[in-house]
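Per-entry structural report
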Amino acid sequence: MKFDPASNIQDLLQFGEFGDVNPSITDSATYTFLEGKTMSDTFTGEQQGCFLYSRHWNPSNRYLAEALAAMEGTESAWVTASGMAAITNAILQLCDTGSHIISSVTTYGGTFAFLANYLKKFKIEVTFVDPTNLEQIEKAIQPNTKIIYAETMTNPLLQICDIEAIAKIADQHGAKLMVDNTFTPMIVAPAKLGAHIVVYSMTKFINGKNDCVAGAICADEQFIDELADVNTGTSMLLGPVLDPMRSASIHKNLHTLHIRMKQHSHNAMYLAKRFKEIGLKHNYPGMPEHPQHELFKKMMNPDFGFGGLIAIDLETAERATKLMEKMQEKGVGYLAVSLGYFKTLFSNSGKSTSSEVPEDVQRTMGLSEGLIRFSVGLDNDIERTFIMIHESLKERGYL
Ligand SMILES: *Cc1c(COP(=O)(O)O)cnc(C)c1O
């Protein structure tokens, strides 16, 4: 039977204290115990099933984590107060001083900055590679390589990584493949393709409302337990706990993710086809011209389409800015960073979310100064949106 992340979430039976259809929200930082021994056994890990303090586990976060594990097909999951917390906690849990990481050169800007700048403090070395070049990845392996880090769909170039092939390289060399699947929830299930750890910024598609920042780590039970260990767990000790009120609201939004992903993908595909018609330089993994289109088709769950991200290239940052201002004026959406929102968002990646990446590295990775990344919204009438974009292009004299 086909792996269906949406049905896996739907099939969960999670109730509140009084049979509430939504799980109760845990409005408590601490928990009482009837007996002292149960408390001490909970601290040592001998007693399972009790909650001791909300930085460790709390019931609301547990419900959301269970739903995310069901979506990914992993044994377990952990939720955090931001996507960056998920990424940095998972990396720090796996590395010691002197460890080595191989990372895709194209990643989210914050991730790049953490890998390139911050990890130096711990003498953790990072080799950046082209994530679509398996030979380069294999060649970068060292005896102390602990992690291969990639994004399923890279930001903002929308390259697709061959997760199955990279997982094999990781397995052969005793490293863990960590995949950021923020752009493609439900579309791709990286753990099913062999990734050991899947991380998310839930700020984006998973929550979909742009009302909070949150993250998640999906992995096997052993790794999640390690993260939460009271003596050595990075998440327990650095403490980026997600507030239970938020986790309850994200949990409800997760239940509509499958419908939203379909609409985001439908709308982005429509725009890609129309951009092609008018001869606008664009990049969308759903188009046959995309270099990893065939690979993506093999990896993806076709029910959810090719995703909601599409990029166009206006060549210079100045032209990009002028177009974005015009599009905002016309009502296409908002000139804003972030993605996965119900309204269309657009930004010039080189000057915003990838500005942490030095300009020369931007150029070598093929990031044009004039690239506009669209996160296509849930527009009911996407043709109307296209007409507004088309008019904006014409009024700026770019067509
Ligand atoms: C936004 C984003 C992050 C960072 O997540 P925050 O929730 O902002 O901390 C990481 N990876 C990708 C791909 C992102 O888009």
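Because the structure is predicted, anything quoted here is derived from the model rather than measured. (Residues numbered from 1 in each chain as written. Predicted model: local features only at pLDDT ≥ 70, side-chain atom pairs only at ≥ 80, totals over all residues. Heavy atoms only, no water.)

Overall, the coordinates contain 10 aromatic pairs when judged by the stated rule. Each ring, one from F112 and one from F128, has its centre 4.9 Å from the other, and the planes form 35°; the classification is tilted. On the criterion of sequence distance, the pair formed by F112 in helix 5 (residues 109-116) and F128 in strand 3 (residues 125-129) is long-range, its members being 16 residues apart. Between the NZ or CZ atom of R62 and the centre of the ring of W57, over which it lies, the distance is 4.1 Å. In this arrangement the basic side chain of R319 is found over the ring face of Y398, its NZ or CZ atom lying 4.3 Å from the centre. (Phe/Tyr/Trp six-rings, centres within 6.5 Å; stacked < 30°, edge-to-face > 60°. Helix = DSSP H or I, 4+ residues; strand = E, 2+ residues; numbered from the N terminus. Lys NZ or Arg CZ within 6 Å of the ring centre and 35° of its normal.)

With that settled, the discussion passes to the sheet that holds strand 10 (residues 334-335). If you trace the 5 strands from one edge of the open sheet to the other, you get 8-9-12-11-10, paired in mixed fashion. Of all the strands in the sheet, just strand 8 (282-283) and strand 10 have a single pairing partner and so form its edges. Here strand 11 (residues 345-348) runs beside strand 12 (residues 371-375); their pairing, made up of 4 bridges, is antiparallel. In the sheet register, N348 faces strand 12, and the bridge partner there is I372. Helix-sheet contacts for helix 11 (residues 257-277) involve strand 8 and strand 9 (309-313), and the interaxial angle to strand 9 is about 20°. (Pairing = 2+ DSSP bridges. Contact = heavy atoms within 4.5 Å. Axes fitted to C-alpha atoms, helices over the stretch in contact; angles between N-to-C directions.)

Remark on secondary structure: sheet strands pair via backbone hydrogen bonds, oriented parallel or antiparallel. Strands sit in the order 1-7-6-5-4-2-3 across an open sheet of 7 strands; the sheet is mixed. Pairing within the sheet leaves two strands with one partner each, and these edge strands are strand 1 (76-80) and strand 3. Within the sheet, the average angular offset between the axes of one strand and its neighbour, ignoring direction, is 20°. As defined by bridge partners, strand 2 (residues 100-104) adjoins strand 4 (residues 145-151) across 4 bridges and the pair is classed as parallel. Within the sheet, the bridge partner assigned to H100 lies in strand 4 and is T145. Against the sheet, helix 3 (residues 59-72) touches strand 1, strand 6 (197-201) and strand 7 (215-219), its axis set at about 125° to strand 1. In the packing of helix 7 (residues 163-172) onto the sheet, the strands contacted are strand 4 and strand 5 (176-180), and the crossing angle to strand 5 comes to about 150°.

What follows concerns unusual backbone geometry. In this structure, the amide linkage connecting N155 to the following residue, P156, adopts the cis form with an omega of 0°. Mapped onto the elements of the fold, P156 is located in the loop between strand 4 and helix 7. Phi at M186 is positive, roughly 70°, even though this residue is not glycine. Mapped onto the fold, M186 is located in the loop between strand 5 and strand 6.

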